[in-house]
Amino acid sequence: MAKHDLAFGIDIGGSGIKGAPVDLETGELAADRVRIPTPEESTPDAVTRVVAELVESFDLPKDVPVGVAFPAPLDHGVVRFIANLHPSWKGVDLPAALNAATGRSVTAINDADAAGVGEQRYGAAKGKDGVVLLATLGTGIGSALLVDGVLVPNTELGHLEIDGHDAESKAADSARERENLDFTQWAKRLQRYFETVEMLLSPELIVVGGGVSKHHEQFLPLLDLRAPIIPAKLRNKAGIVGAAAMAASVAGHHKDKKHAKK
Ligand code: BGC
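So, here is what we can say about the structure in this document. (Residues numbered from 1 in each chain as written. Predicted model: local features only at pLDDT ≥ 70, side-chain atom pairs only at ≥ 80, totals over all residues. Heavy atoms only, no water.)

1. Some words on the overall build of the protein
On a plain count of helices and strands, the protein comes out with 7 helices and 14 strands. Taking 18 Å as the expected radius of gyration for a compact globule of 262 residues, we find that the protein reaches 18 Å, a close match to that expectation. Taking the principal axes of the C-alpha coordinates as reference, the protein spans close to 55 × 40 × 30 Å. Going through the 262 residues of the protein one by one, you find that 52% of them count as buried. (Helix = DSSP H or I, 4+ residues; strand = E, 2+ residues; numbered from the N terminus. Rg over C-alpha atoms; globule rule 2.2 N^0.38 Å. Buried < 20%, exposed > 50% of the residue type's maximum accessible area, 1.4 Å probe, protein only.)

Right, here's the structure in full:
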């Protein structure tokens with residue numbers, strides 16, 4: 001049997017940095033995920049060092065594409081603003097910093113966008129046309145908007161101002177933990193959040209990711225929305241899988257361009 005193509009995905013989060021090789025045919029992890037806690041001082045230096053350590057721990061051939069999912073909007077790779085890592089990330093050219101730290105050519109993508117791509121290719125949004133919204137509920141709230149399977153990048157809907165608050169400060173999973181909310185109390189906040197997003201965008205499907213999505217039976221049925229709202233299939237692997245898939249597409253695109261030039 002032919003060996004499936006692999007790419008390596010890394011998901012940088014507020015509490016952990018996780019990486020694994022991904023089988024691009026199935027979207028499954030090709031080896032166990034490795035997780036290293038995010039350094040307390042989550043500066044560019046400290047975080048890129050952990051990324052390099054993760055990549056090295058897998059002994060990957062040099063031509064395996066590497067993709068990194070990052071919790072901020074990226075303007076041609078440059079961090080536009082940063083909510084949940086060290087403030088010195090603002091303005092950093094992320095691919096350049098990652099290339100320097102790892103000695104490889106790394107593709108960078110917003111973490112929620114990566115999760116959206118992962119779910120669209122392999123998970124809960126597979127084959128879905130129309131407007132699909134994926135929201136990740138973790139340290140912050142991330143959003144990915146897909147229209148007929150095409151990503152509209154950097155939507156940042158976690159920072160909508162709702163009732164005078166930055167939405168993620170009230171409705172992210174970290175708010176549930178910080179304020180010791182039970183799922184019923186938290187669901188009220190999610191209701192307010194998703195009804196606002198639904199009013200603005202009229203998605204036909206909402207997919208909910210992030211680690212807490214494994215407890216989806218405890219809060220998704222409490223929400224009353226027009227669109228179906230379903231848990232992510234890849235759960236919190238979606239960022240890794242989507243980043244790997246994006247890196248492979250970028251690498252393939254470069255190869256095609258090289259061939260076209262010949
Ligand atoms: C960031 C987003 C990110 C989300 C989830 C937000 O605070 O601004 O870029 O996708 O957190 O990590």
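2. Quick notes on helix α3 (residues 111–122)
It helps to recall that an α-helix has 3.6 residues per turn; residues three or four apart then point in one direction. Taking 1.5 Å of rise per residue, the 12 residues of α3 would be expected to cover 16 Å, and the 16 Å separating its terminal C-alpha atoms lies within 8% of that figure. Summarising burial for α3: 10 of the 12 residues are buried, a large majority. Of the residues that open α3, the one with a side-chain oxygen 3.0 Å from the backbone nitrogen of A112 is N110. (Expected span 1.5 Å × (residues − 1). Polar contact = N/O pair within 3.5 Å; in protein donor to acceptor, adjacent residues only side chain to side chain.)

3. Here we look at the site of the ligand
For the ligand, the set of nearby residues contains 14 residues, the closest of which are N110, D111, E156, H159 and E168. The contact in question runs from an oxygen atom of the ligand to an N or O atom on the side chain of N110, over 2.9 Å. Compared with its free state, where it exposes 310 Å², the ligand has 94% of that area covered by protein. Contributing elements (two or more residues each) for the shell around the ligand: α3 and β9 (141–147). In terms of residue class, the shell around the ligand is built from 7 nonpolar, 4 polar and 3 charged. Among the domains, domain 1 (3–110) and domain 2 (124–232) are the pair contributing at least three residues each to the shell around the ligand. (Near = heavy atom within 4 Å. Areas by Shrake-Rupley, 256 points an atom, 1.4 Å probe, with all protein chains shown as cover. Nonpolar A, V, L, I, M, F, W, Y, C, P; charged D, E, K, R; others polar. Domains from an automatic or database assignment.)

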